[in-house]
Amino acid sequence: MQAVSVSTQALEPTLAVIGIRRTNRFLAALEQVRAALRGRTIWHINSTAQGGGVAEMLQTMLAYERGAGLDVRWLVMDGDATFFTLTKRLHHRLHGEPGDDGVLGAAERRHYEQITRRNLVSLLAAVNPGDVVVLHDPQTAGLAPRLREAGAMVLWRCHIGIDRINAIAEEAWQFLQPYIELADTRIFSRAAYIPPSIASLPASVIPPAIDALSPKNQPLSAATVRVMLRHIGLLAGAVNGQRRKLPESFFNVKGIDDGVRVLQTQPLPSPGTPLIVQVSRWDPLKDMAGVMRGFAGRRQQLGSAHLALVGPDPSSVTDDPEGVRVYEECVDQWHALPPDARERIHLVCLQMASAEDNALMVNAIQRFATVVVQKSLHEGFGLTVTEAMLKGRPVVASRVGGIQDQIMNGVHGLLLDDPTDTRAFGDAVARLLDDPVLARHLARNARRRAIAEFLGPRQMMQMFDLIHGLNGSNGNVTWEEKHDEGPVALPRRMKR
Ligand code: UDP
């Protein structure tokens, strides 16, 4: 187990974004959980400190919880290549896809449990009876039984699933069942993701959330965005063939220039060039290759628009063994494109050495985008969609998983009924490029919805409420309660 250092972030600025009514709900839930825990620790355990939505969420949520005076810690599991290949197989199958066609048999279970036992040695030495342990995703499920025996309150949170279970997903749930049924409770991002096999056990639905003020989402001026795009090398204007230097204050680490790889024949010619963007891990289910095909096939309808496919440097995401292959397949496909398509498509790999620098670059690219797309074949929730919505970008996304909970088609963005239909995808993007009034309307609604439903305080509040309830207390605080519009009273500890 590796400890991930968690910063401490004051809550007041993020509460200011959500308004007084929701702030009051949040503070009531915080007080309840603080009283219930009485100094006990909340542990979060997942399998990577960087790359992907879970790591993204933990970085900010935990910092705020520490800022609220809770003792919150984050550990990352150790595993070997066989373990991560197996857990990636489980990941695909919980999405209902066969993945690598490998088996989930007795040998796989033995290896899974062996790695689990190894991790338990240090974990059990650190966790005290009464502590709360939140285990994230299939990698950590095996830890639940022993932690519970040791007196911890164990919550297993699953960030993936499919709307209609199939035989492939059922097999993966059977693999996980002996572990997750022994947790105190289970948390899913959508009600539809709760598998029938555990439908009789306690479970909660808590959609994920983003942080409006993190480097990933903090406001950036248009001028700053342009400077950053030039720095990344995506926008023309590099000085003497060199990437534009950024003011020192932008980035923490030196040598960032070495960390950005852009595969392109030339940068975007001007800041006015329309840019379509998908930000994703290099994962087959994100269908970066399909986005490229859809764009290239409809390029005549897309005017002068360019496409940027943006992902982490695939070699740096430790729990995702497929990243390198998927990226290389995209590169091969890019080389095989006709020249007039290739010169409008950019493949961007962002370094992950500093999570903050990576986040700022993603932020700038999302803000620069004319249209943000997320053409996933399956999606747990789709934080990249939330990020684009908060930034007031018009979105075209697949009608899959949690994306449907975020976007109502034609209200907060455009949804694709069939994510494999690259023609419909190209048409939807063309529609937004051709109709800026519609694009602005969708983007405005999207931003409002992201602020109302998908920011951190709502998610933290649901977690607090759940822990409070499991602790034997009652008295839930609901996010949208109608009473109590009084002024916000900050607890003493939070006063400046
Ligand atoms: N992300 C990032 N850098 C990248 C690519 C992705 O920080 O180069 C972030 C992205 O902004 C989002 C998260 O990784 O916050 C992906 O979360 P999502 O729910 O969209 O997908 P997941 O990777 O969890 O399947």
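On a predicted model such as this, the values are computed, not experimentally measured, just so you know. (Residues numbered from 1 in each chain as written. Predicted model: local features only at pLDDT ≥ 70, side-chain atom pairs only at ≥ 80, totals over all residues. Heavy atoms only, no water.)

Undergrad: Teacher, can you tell me more about the nonpolar core here?
TA: Proteins that are soluble and globular tend to have nonpolar side chains buried together. Counting residues in each nonpolar core, the largest one holds 80 residues, and the members touching the most others are Phe26 and Leu30. Ranked by the residues each element gives to this core, the list is headed by helix 3 (residues 53-67), at eight residues. (Core = buried A, V, L, I, M, F, W, Y, C linked by side-chain atoms within 4.5 Å. Buried < 20%, exposed > 50% of the residue type's maximum accessible area, 1.4 Å probe, protein only. Helix = DSSP H or I, 4+ residues; strand = E, 2+ residues; numbered from the N terminus.)

Undergrad: How should the environment of valine 133 be read in this particular structure?
TA: Here valine 133 shows up in strand 4 (residues 132-136). Sequence separation between valine 133 and isoleucine 45 is 88 residues, and the spatial gap between their C-alpha atoms is 7.5 Å. When near neighbours in sequence (up to four residues on either side) are disregarded, valine 133 contacts Trp43, Ile45, Val127, Leu147, Ala152, Met153, Val154 and Leu155. (Contact = heavy atoms within 4.5 Å.)

Undergrad: Before we go on, may I ask you to explain the sheet that holds strand 4 in this structure?
TA: Within a beta sheet, neighbouring strands are joined by backbone hydrogen bonds and run either parallel or antiparallel to one another. Across the sheet, seven strands lie side by side as 1-3-2-4-5-6-7; this open sheet has mixed pairing. Two strands bound the open sheet, and with one partner strand each, they are strand 1 (2-4) and strand 7 (203-205). Direction aside, neighbouring strands of the sheet carry axes that sit 25 degrees apart on average. In the packing of helix 8 (residues 167-180) onto the sheet, contacts are made with strand 5 (153-158) and strand 6 (185-188), and the angle to strand 5 comes to roughly 160 degrees. (Pairing = 2+ DSSP bridges. Axes fitted to C-alpha atoms, helices over the stretch in contact; angles between N-to-C directions.)

Undergrad: Is there a simple way to think about the site of the ligand in this case?
TA: Around the ligand, the surrounding shell holds 17 residues, and the nearest of these are Arg281, Lys286, Pro312, Leu383 and Glu387. Here lysine 216 contributes a side-chain N or O atom positioned 2.9 Å from an oxygen atom of the ligand. Contacts to the ligand include asparagine 358, whose side-chain N or O atom sits 2.9 Å from a nitrogen atom. Within the complex, 91% of the 540 Å² of free accessible area of the ligand lies under protein. (Near = heavy atom within 4 Å. Polar contact = N/O pair within 3.5 Å; in protein donor to acceptor, adjacent residues only side chain to side chain. Areas by Shrake-Rupley, 256 points an atom, 1.4 Å probe, with all protein chains shown as cover.)

Undergrad: Please clarify how the pattern of salt bridges should be interpreted in this entry.
TA: Between side chains of opposite charge, a pair can form as their charged atoms come close. Going through the model one piece at a time under the given rule, you end up with 22 salt bridges. One salt bridge in this structure joins aspartate 313 and arginine 261, with 3.3 Å as the shortest N-O distance. Pair noted here: aspartate 313 is in the loop between strand 10 (306-312) and helix 11 (323-335) and arginine 261 is in strand 8 (residues 261-263), with a separation of 52 residues, a long-range link. Of the charged contacts, one joins aspartate 417 and arginine 399 as a salt bridge, the two residues approaching to 2.5 Å between their closest N and O atoms. Taken together, the positions of aspartate 417 in the loop between strand 14 (414-416) and helix 16 (422-434) and arginine 399 in the loop between strand 13 (395-398) and helix 15 (403-406) put the pair 18 residues apart, joining distant regions of the chain. Under the relative-accessibility criterion, arginine 399 is labelled partly exposed at 34%. Several salt bridges converge on common partners, so that one network encompasses Lys88, Arg281, Asp283, Glu322, Arg325 and Glu329. (Salt bridge = Lys/Arg side-chain N within 4 Å of Asp/Glu carboxyl O.)

Undergrad: Is there a simple way to explain helix 14 (residues 383-390) in this structure?
TA: Three or four residues apart is the spacing at which side chains of an α-helix point the same way, because the helix has 3.6 residues per turn. Across the eight residues that make up helix 14, a large majority, eight, are buried. Of all the positions in helix 14, only Leu383, Thr384, Val385, Thr386, Glu387, Ala388, Met389 and Leu390 are classed as buried.

Undergrad: Looking at this structure, how should I read the pairing of strand 3 (residues 71-76)?
TA: Two faces make up the sheet, and in a regular strand the side chains alternate between them. Here strand 1 runs beside strand 3; their pairing, made up of three bridges, is antiparallel. Bridging across to strand 3, glutamine 2 finds its partner in valine 76.

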